[in-house]
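Observations on the three-dimensional arrangement
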Amino acid sequence: MELKVKENILAANDALATANRQLLQKHGVTSLNILGSPGSGKTSLLERLLPRLNLASGVIEGDLATAKDAERIRAAGAPVVQINTNGGCHLDARMINQVLPGFDLAGLDLLFIENVGNLVCPAGFDLGETAKIVVLSVAEGLDKPAKYPSTFLKAAVVIINKIDLLPFCGFSLDDLHREIETVNPQAQIFACCSREGAEDGLDKLVNWLEKHIK
Ligand code: MG
Ligand code: ZN
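This brings us to the coordination of the zinc ion (ligand 2). Binding of the zinc ion (ligand 2) to the protein goes through C89 (SG), H90 (ND1) and C121 (SG), at separations of 2.0 to 2.2 Å. The motif formed by the donor residues of the zinc ion (ligand 2), counted along the single chain, is C-H-x30-C.

A word on the sheet that holds strand β4 (residues 110–114). Taking strand neighbours across the sheet as the criterion, the 7 strands line up as β3-β2-β4-β1-β5-β6-β7 in an open arrangement whose pairing is parallel. At either end of the open sheet lies a strand with only one pairing partner, and these are β3 (80–84) and β7 (188–191). Looking at each pair of strands side by side, their axes are set apart by 20° on average, direction ignored. When strand β2 (residues 57–63) meets β3, the two strands line up parallel, connected through 5 bridges. In the sheet register, G62 faces β3, and the bridge partner there is I83. Those strands touched by helix α2 (residues 42–52) are β1 (30–35), β2, β4, β5 (131–137) and β6 (155–161), and its axis lies near 160° from that of β4. Along the sheet face, helix α3 (residues 68–75) touches β2, β3 and β4 and points at about 175° away from the line of β3.

Below, the discussion takes up unusual backbone geometry. For N86, which is not glycine, the phi dihedral falls at a positive 50°. If you trace the backbone, N86 turns up in the loop between β3 and α4 (93–99).

Taken as a whole, this structure holds 1 aromatic pair when the rule is applied. With a centroid separation of 5.7 Å and an interplanar angle of 65°, the aromatic rings of F190 and W208 are classed as edge-to-face. A residue pair is termed long-range when its members are at least 10 positions apart, and F190 in strand β7 and W208 in helix α8 (residues 202–213) qualify at 18 residues. F190 sits in the buried class, given a relative accessible area of 8%. W208 sits in the partly exposed class, given a relative accessible area of 22%.

Reading guide: rules and limits
Residues numbered from 1 in each chain as written. Chains lettered and ligands numbered in written order. Predicted model: local features only at pLDDT ≥ 70, side-chain atom pairs only at ≥ 80, totals over all residues. Heavy atoms only, no water. Donors = N, O, S within 2.8 Å, 3.2 Å for Na, K, Ca; no water. Pairing = 2+ DSSP bridges. Helix = DSSP H or I, 4+ residues; strand = E, 2+ residues; numbered from the N terminus. Axes fitted to C-alpha atoms, helices over the stretch in contact; angles between N-to-C directions. Contact = heavy atoms within 4.5 Å. Phe/Tyr/Trp six-rings, centres within 6.5 Å; stacked < 30°, edge-to-face > 60°. Buried < 20%, exposed > 50% of the residue type's maximum accessible area, 1.4 Å probe, protein only.

Given below as structure tokens:
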């Protein structure tokens, strides 16, 4: 019985995800669903990327509560809509469907969707995005790709963040690369630091995004 309910929920989600995907494609908008733990640096990465990207970009922010992240994105100069899930631990396609009319889609090249900080269930809900990105900070530890395989398996891109903290982590960047590649050999991997004033490795990511999205 419980299984049946879950199937119905996912079928309803998939129908709305398809509608979102068709709407975004119609307007030539690439959308990236950003997954990662709370504190992995998803919003900080967006703050650093938005002024560097030569692409018209918008952002949907997903959080349980507050508009803190949307305020940061607005300050970075991008159109942004905040979704509060009121306790919900992931975004779903219906929430995205409700906020898409708030964007001038014809004028956008790229729409970032920052999901609720969580390495578990956001991976199970298609939002209609073009691709999923995982942001993993080195401080979370070497074992996260192996422990949360469904999230890492679905990512087209994995961004290793906070590389300035590597000297305190007890493993190397190569070690973490290997852990990610063991779960998902196809993932495109970038390493960067998104901390203001200590930015590192962002140019490669910006170049890759511009090349693949233009
Ligand atoms: Mg955030
Ligand atoms: Zn959830």
